[in-house]
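# Structural description and commentary
Residue-level listing of the chains:
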Amino acid sequence: MNHQIKVDKFGIRLRPVTMKDANFIYDLRHDPKLSQYIGEFPQDRSIHLQWLRAYFLKDDDIYFIIELMDGTPVGTISIYDMTEQTGNWGRWIIKHPIPAAPASAWLIYYVAFDILQLPEVYTNTVSNNEHIVSFHDHCGLTRTAIQKGGLTIKNIDYDLVIHTAKRDDWPFIHAQLQGPAQTASRFLVNHR
Amino acid sequence: MSIDKIKRTIIEIVSEVLQLDDSGYQNFKRQELPNWDSLKHMELILRLEETFHIQLSIAQVGAIDSVDDIETVVKQCLHEAQVGASDESSD
């Protein structure tokens, strides 16, 4: 979707993806360490460009670049498969060692609940990606389902843990993320 | 602060934040502890900075993947603070 949502807090900004971000996204999604537990992505850059162009035509998908306040891009995050009732938040990738996870998660909930007014959002995590499963648990999300063999990466089927957050949960999620996001913000300002 | 005291304090902080049994010094590794996610990592960093009166850099925060790494980083920061203090006093 060609959206115009731009939000910032805790030294992190989410801004709309543009076609100029194509190479950054491609490199991020092909980083072996960062892409270990995400869906496979085409190697062919022209297919990637085609996919990104198609994204702008969709009306149920908002895709963000996570950047520092000086404009340095450090990752991506998005809400896709949106309906009036729900949305799937994901495509969450952050470059090492930038501690932008708490702030970017806070911002995506802010977008989902305060801006888009969605009643709930959910997120799918490969069960082997234990630190992210734990992250969502610590935020107070509810594990609502396990999708057996929900994602295949390099011919291996992985279970997906589905976590759901309802709008009523947002104050608790905010409280869980605020402290770590504030601690991390000092490192984001002095990252160079 | 003695090396033993530093190690003991680190393991106390790690055990408390990650809710582990404090059964003496063990080189817990981040990869082996699902609970050691980025929220807990930030909580650990804050507790270490407050307890030892140090300030970590982003590189040091990113380099911590185990209890041994914490010990290395804390010692490094304490040493730098000591050198900085003696430089000031020699002016």
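Structure: above.
Here is what the cut-offs are and how they apply
- Residues numbered from 1 in each chain as written.
- Chains lettered and ligands numbered in written order.
- Predicted model: local features only at pLDDT ≥ 70, side-chain atom pairs only at ≥ 80, totals over all residues.
- Heavy atoms only, no water.
- Helix = DSSP H or I, 4+ residues; strand = E, 2+ residues; numbered from the N terminus.
- Buried < 20%, exposed > 50% of the residue type's maximum accessible area, 1.4 Å probe, protein only.
- Contact = heavy atoms within 4.5 Å.
- Areas by Shrake-Rupley, 256 points an atom, 1.4 Å probe, with all protein chains shown as cover.
- Lys, Arg positive; Asp, Glu negative; His and termini not counted.
- Charge placed at Lys NZ, Arg CZ, Asp CG, Glu CD.
- Buried area = accessible area lost by both parts, 1.4 Å probe.
- Salt bridge = Lys/Arg side-chain N within 4 Å of Asp/Glu carboxyl O.
- Polar contact = N/O pair within 3.5 Å; in protein donor to acceptor, adjacent residues only side chain to side chain.
- Axes fitted to C-alpha atoms, helices over the stretch in contact; angles between N-to-C directions.
- Left-handed = near helix turned anticlockwise from the far one by under 90°.
- Nonpolar A, V, L, I, M, F, W, Y, C, P; charged D, E, K, R; others polar.

### Examining the overall build of chain B
- On a plain count of helices and strands, chain B comes out with four helices and zero strands.
- Taken from N to C terminus, the helices and strands of chain B fall in the order α-α-α-α.
- Counting only C-alpha atoms, chain B reaches 50 × 25 × 15 Å along its principal axes.
- A buried classification covers 41% of the 91 residues belonging to chain B.
- A separation threshold of at least 6 residues defines the contact pool for chain B, and within that pool the share at least 24 residues apart is 51%.
- Carbon and sulfur atoms provide 47% of the accessible area of chain B, an area that totals close to 5,000 Å².
- Where the 8 positive side-chain charges of chain B centre and where its 18 negative ones centre are 6 Å apart.

### Some points on the interface of chain B and chain A
- Opposite the 20 residues of chain B that make contact, chain A presents 21 residues.
- In total, about 1,600 Å² of surface goes out of reach between chain B and chain A, with carbon and sulfur atoms giving 67% of it.
- Per-residue buried area on chain B facing chain A is highest for L39, M42 and I58 of chain B; these three make up 44% of the total on that side.
- Between chain B and chain A we count one salt bridge in total.
- Among the ionic pairs, E49 of chain B bridges to R186 of chain A, the shortest N-O distance being 2.3 Å.
- Our enumeration of links across chain B and chain A arrives at 10 residue pairs in polar contact (both at pLDDT 80 or more).
- Among the elements of the structure, α2 (38-52) and α3 (58-63) of chain B are those that each provide at least two residues to the side of chain B that touches chain A.

### Some words on the environment of P180 of chain A
- Mapped onto the fold, P180 of chain A is located in helix α5 (residues 170-189).
- On a C-alpha basis, the gap between P180 of chain A and I108 of chain A in space is 16 Å, while along the polypeptide they are 72 residues apart.
- Not counting chain neighbours up to four residues away, the residues in contact with P180 of chain A comprise P102 of chain A together with L39 and M42 of chain B.

### Regarding the packing of helix α1 (residues 3-17) of chain B against α2 of chain B
Residue and element names in this part refer to chain B.
- Where α1 meets α2, the closest approach of the two axes is 10 Å, and the angle between their N-to-C directions is 145°. Crossing handedness for the pair α1 and α2: right-handed. Every residue of α2 that contacts α1 at I6, T9, I10, I13, V14, E16 and V17 is listed here: K40, E43, L44, R47, L48, T51 and F52.
- The residue makeup of the contact of α1 with α2, split by class, is eight nonpolar, two polar and four charged.

### Description of the pattern of salt bridges
- What the rule picks out here adds up to 13 salt bridges over all chains.
- The network of salt bridges with shared partners includes R13, R15, D21 and E67 of chain A.

### Points about unusual backbone geometry
Residue and element names in this part refer to chain A.
- Of note, the bond from H96 into P97 is cis; its omega dihedral lies within 30 degrees of zero at 5°.
- The residue P97 is located in the loop between β5 (88-94) and α3 (101-115) in this model.
- In the Ramachandran plot, N155 falls in the positive-phi region, its phi being about 65° despite a non-glycine side chain.
- Of note, N155 is situated in the loop between β7 (142-153) and β8 (156-166).

By themselves, these figures tell us nothing about what the structure is for.
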